[in-house]
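# Working through the structure, step by step
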Amino acid sequence: MTDLSALLQPDKGQSARAIHLVDSGGYDAWLKAQPPRHRTAIAAQKLTPTAFSSAILPGDKAEDWSVVGVVADSAKLSSWCLARLAETLPEGTYRVEGGEPGAAMFGWMTAQYRFEKYRKDDKAQGPRVLLTSEVTKIEEAVRLAEATALVRDLVNTPALDLGPGELEANAEKLAKKHDAALTVTRGHDLETGYPMIHAVGMAADRKHAPRLIELVWGNPKHPRVAIVGKGVCFDSGGLDIKPGSGMRLMKKDMGGAAHALALARLVIEHRLPIRLHMLIPAVENAISGNAMRPGDILKSRKGLTVEITNTDAEGRLILADALAKAVEDKPQLIIDFATLTGAARVALGPDLPAMFANDQGLADDLLAGGTAEDDPVWRLPLWQGYGDMLKSDIADLNNSPDGGFAGAVTAALFLEKFVPGDTPWAHFDTFAWRPAAKPGRPKGGDALGLRAAWAVLKSRFG
């Protein structure tokens, strides 16, 4: 992977090619003011005043050139305004002429992300370095880009090389680097203490045995914040087996855990004054003779009993036990991430995570943070009128209501049963994947909702 931190450098007046930015409103006036050689080059390259269009402008000497890029608003750059240029320009050093890249620093770096663990791109461009005079903003932009790259790397890695043990190794690496405490619960202690995590993961091979990974960092006197991530490293669906088409991308079903690790890393690197408690229930939902069955009744850590109506609704089971553990230490805030339901994708598509919250102020802050960071989320309701769908004739709850209605809402309502109403809690039902590339956002694993959540933590506790 490209060293993202090397792609953003302080502007000390060093030699660099200029990036001229223009928006559609000012395009005609700008074009009119250009010298004939520029207008000729623009016509030859068929530049149009639409976002992400660009053209090379010749300089006075044969080896001199600059580039013009069209953006939505040249006075207020978004995260993605320079991303196409970062993808297409040749290796070299660049600066925005007459301005600063601002938020676009993030997209400049993430556009150059490559997942090359299994295949090298021999035709890849060398690094494109962007200069900025806003030196104090570099570190934060790099951290956000590296956190996003971490999510992408983890989600893109297939289950053969990323099981519960590898998630544990990533948490251990973070803990050792920053002197955090790591606790891993497995085996008999998991079966008795976290019975739903154990039940979901018990059919997997021994090397992929289920576990609860917990990382604790920070001053115990600071406000306690819990971050929980669904870590289903591969989801076959269990005995309610998925079709091949539905199983194809199930390596990404640990996307929630990837988000939790990335957000925890941001908290720790920023030295945010909180007592961080990260929890990742890590399992593989496999099939064998001892697999969880439809009709089984599980007892949760909280004590509620759950009738299994569908073994493919397993993510909410492991999250429920993790949430129950999180609330035992009375956190001031809980945020969980999970690739939980197809229903959320049907409702909102792949780019827009569904967000549920039991606290209006928290919901408002997450929506505002998503807008500010170009990481939009959409709130869906914890509609209590659908609570009856979770009723069981023989247990406290069922894990997957019949009928197919409001699947994302009923999943969130299930999780809400394990969080006290007086504890602010937000649940992200995220896709963690981009089925098609966009500037700065390649096809594959991606962080969706991460920067929105980080904006809230930084605002509230920074």
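Just above, that's the structure.
The notes below deal with the structure included here. (Residues numbered from 1 in each chain as written. Predicted model: local features only at pLDDT ≥ 70, side-chain atom pairs only at ≥ 80, totals over all residues. Heavy atoms only, no water.)

### So, the overall build of the protein chain
Going by this rule: Helix and strand definitions here come from DSSP, where helices need a minimum of 4 consecutive H or I residues and strands a minimum of 2 consecutive E residues; each element is numbered from the N-terminal end. Taken over C-alpha atoms, the radius of gyration is set against a globule rule of 2.2 Å times the number of residues to the power 0.38. Exposure is judged per residue with a 1.4 Å probe applied to protein chains only, and the accessible area is read against the type maximum: over 50% gives exposed, under 20% gives buried, and values in between give partly exposed. Only heavy atoms enter the contact rule, under which two residues are in contact if any of them lie within 4.5 Å.
Each helix and strand in the protein chain was counted, giving 15 helices and 20 strands. Relative to the globule expectation of 23 Å for 462 residues, the C-alpha radius of gyration of the protein chain, 24 Å, shows essentially globular dimensions. In terms of overall dimensions, the protein chain has a C-alpha envelope of 80 × 45 × 45 Å along the principal axes. In the protein chain, which comprises 462 residues, the proportion classed as buried is 55%. By sequence separation, contacts in the protein chain at least 24 residues apart represent 77% of the contacts at least 6 residues apart.

### Some points on the sheet that holds strand S3 (residues 54–58)
Test applied: At least two bridges found by DSSP between two strands are what make those strands a pair. Fitting a line to C-alpha atoms yields each axis, with helices limited to the stretch in contact; the angle taken between N-to-C directions then spans 0 to 180 degrees.
If you trace the six strands from one edge of the open sheet to the other, you get S1-S6-S5-S2-S4-S3, paired in mixed fashion. In the strand order of this sheet, the two ends are held by strand S1 (8–10) and S3, each with one partner. If you compare each strand with its neighbour and ignore which way they point, the axes differ by 35° on average. Note that strand S5 (residues 92–96) and strand S6 (residues 128–132) share four bridges and pair parallel.

### Describing the pattern of salt bridges
Heads up, the rule is: In the sections that follow, a salt bridge refers to a side-chain nitrogen of Lys or Arg positioned within 4 Å of a carboxyl oxygen of Asp or Glu.
Across all of its chains, the model carries 25 salt bridges by this definition. Across the salt bridge formed by lysine 230 and aspartate 253, the nearest N and O atoms sit 2.9 Å from each other. In this pair, lysine 230 is assigned in the loop between strand S9 (224–229) and strand S10 (231–235) and aspartate 253 in the loop between helix H9 (244–247) and helix H10 (255–269), connecting sequence segments 23 residues apart. With respect to burial, lysine 230 and aspartate 253 carry one shared label: buried. With a closest N to O distance of 3.6 Å, glutamate 269 and arginine 265 form a salt bridge. With a gap of four residues between them, glutamate 269 and arginine 265 both fall in helix H10, about one helical turn apart.

### Description of the packing of aromatic side chains
Quick note on the threshold: Working definition: rings of Phe, Tyr and Trp (its six-membered ring) pair if their centres are within 6.5 Å, and the pair is stacked with planes under 30 degrees apart, edge-to-face with planes over 60 apart, and tilted otherwise.
Under the counting rule described, the total for this entry stands at seven aromatic pairs. Summarising the aromatic geometry, the rings of phenylalanine 115 and tyrosine 118 are spaced 6.0 Å apart at their centres and angled 55° between planes, so their arrangement reads as tilted. Given the relative accessible area of 27%, phenylalanine 115 is considered partly exposed. Put simply, the rings of Trp65, Tyr94 and Trp108 pair up and form one aromatic cluster.

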